[in-house]
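# Structure at a glance
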Amino acid sequence: MELPPATIPSTDPVHVARMAERRAELAAALAAVVPAGVRLVLEIGCGHGHFLTAYAKAHPAENCVGIDLIRERIERAERKRERAGLANLRFVRAEARMFLDALPPGAALAAVFVLFPDPWPKRRHHKHRLLDEEFFHALAARAGEGTPFFFRTDHGPYFQAAEAVLRVSADWRLVPGEPWPFEHTTVFQQRASRHFSLVARRH
Ligand SMILES: C[S@@+](CC[C@H](N)C(=O)[O-])C[C@H]1O[C@@H](n2cnc3c(N)ncnc32)[C@H](O)[C@@H]1O
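Below, the structure is looked at part by part. Remember, it's a predicted structure, so these values are computed and weren't measured experimentally.

Here we take up the sheet that holds strand β4 (residues 108–115). Taken in spatial order, the seven strands make up an open sheet running β3-β2-β1-β4-β5-β7-β6, and their pairing is mixed. Edge positions in the sheet fall to β3 (89–93) and β6 (172–174), since each has one partner strand and no second. Neighbour-to-neighbour, the strand axes of this sheet turn through a mean angle of 20 degrees, independent of strand direction. Sheet topology note: the strand β5 (residues 148–153)/strand β7 (residues 196–202) ladder contains six bridges and is antiparallel. Of the residues in β7, the one forming a bridge with Pro148 is Arg201. Helix-sheet contacts for helix α2 (residues 50–58) involve β1 (39–44), β2 (63–68), β3 and β4, and the interaxial angle to β2 is about 175 degrees.

As structure tokens, this is what we get:
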């Protein structure tokens, strides 16, 4: 089954109206859980929340938000958070670009993790990949000077494509050799025989 392209804006008025409604709902939900002026550690595509729950537990002074498209994954992540009793962690069902757009104006990103994003290996599906020039630009708009971006994948071609975008980015600089800040094996990492990691920082 061919999925509809996620990155090509729809001109269907019903779709446009639904997206505007969803964005307004998300903005209201975020305004309720993201305190004014907060700096957030964001994990995009958090799945069932294993990584960010462990991270938030180990970093109680940091405010963490995990987002994912799939409701069932967010519900499981929320149950994990409740069991762990973590007040510095939230999971929200949201699409990454819409999340950045709907984030309250005073909120900024302290750090961003993208771990094992869907690789969309076929060339005709590359347009569905999250990490492209436009996305890094939108991310930079919500990041402060020096904000780190942590990316890990087992898919070599996607890794190289994202690295190539960052290498020539006006917003980000690659930081080769910067250590990975926190190790906790994700569900997809467990299934992979190897992986690649990079760190970039906002100019
Ligand atoms: C391959 S899974 C990896 C999950 C987890 N990070 C791990 O390493 O186990 C990718 C996750 O990203 C989510 N995802 C894909 N595109 C997204 C988007 N545009 N915004 C938010 N989440 C997205 C998917 O629903 C899925 O749960």
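What follows is about helix α3 (residues 71–84). A turn of α-helix holds 3.6 residues, and therefore any two residues three or four places apart point the same way. Between the first and last C-alpha of α3 there are 20 Å, a value that for 14 residues agrees with the 20 Å anticipated at 1.5 Å per step. Listed as buried for α3 are Ile74, Ala77 and Arg81. Buried residues of α3, viewed axially, fall in a sector of 60 degrees; they line one side. Away from its buried face by more than 90 degrees, α3 exposes Glu72, Glu82 and Arg83. On its buried side, α3 packs onto α2, β2 and β3. Following α3 by one or two positions, Gly85 adopts a phi angle in the positive range, close to 65 degrees.

A separate point is the nonpolar core. Across soluble globular proteins, you tend to see nonpolar side chains buried next to one another. Of all hydrophobic cores here, the largest spans 44 residues; its most connected members are Phe99 and Val112. Among the elements that line this core, the one with the most residues is β4, at six residues. When sequence neighbours within four positions are dropped, the list of residues in contact with Val112 reads Leu42, Ile44, Leu139, Phe149 and Phe150.

This part covers the environment of Leu89. Along the chain, Leu89 turns up in strand β3. Residues Leu89 and Ala28, 61 residues apart in the sequence, show an inter-C-alpha distance of 18 Å. Sequence-distant contacts of Leu89, defined by excluding residues within four places in its chain, comprise Leu52, Thr53, Ala56, Cys64 and Arg81.

Here the focus is unusual backbone geometry. Here Phe116, not a glycine, exhibits a phi torsion of approximately 55 degrees, which is positive. Phi at Trp120 is positive, roughly 40 degrees, even though this residue is not glycine. Tracing the chain through its elements places Trp120 in the loop between β4 and α5 (133–141).

Below, the discussion takes up the site of the ligand. Lining the immediate environment of the ligand, one finds 20 residues, of which Gly45, Gly47, Phe116, Thr186 and Val187 sit closest. At the level of secondary structure, the elements contributing two or more residues to the shell around the ligand comprise β2 and α7 (187–191). The residue makeup of the shell around the ligand, split by class, is 12 nonpolar, four polar and four charged.

Reading guide: rules and limits
- Residues numbered from 1 in each chain as written.
- Predicted model: local features only at pLDDT ≥ 70, side-chain atom pairs only at ≥ 80, totals over all residues.
- Pairing = 2+ DSSP bridges.
- Helix = DSSP H or I, 4+ residues; strand = E, 2+ residues; numbered from the N terminus.
- Axes fitted to C-alpha atoms, helices over the stretch in contact; angles between N-to-C directions.
- Contact = placed C-beta atoms within 7 Å.
- Expected span 1.5 Å × (residues − 1).
- Buried ≥ 20, exposed ≤ 12 C-beta atoms within 10 Å, placed from the backbone.
- Arc of directions from axis to C-beta.
- Core = buried A, V, L, I, M, F, W, Y, C linked by C-beta atoms within 7 Å.
- Near = placed C-beta within 6 Å.
- Nonpolar A, V, L, I, M, F, W, Y, C, P; charged D, E, K, R; others polar.

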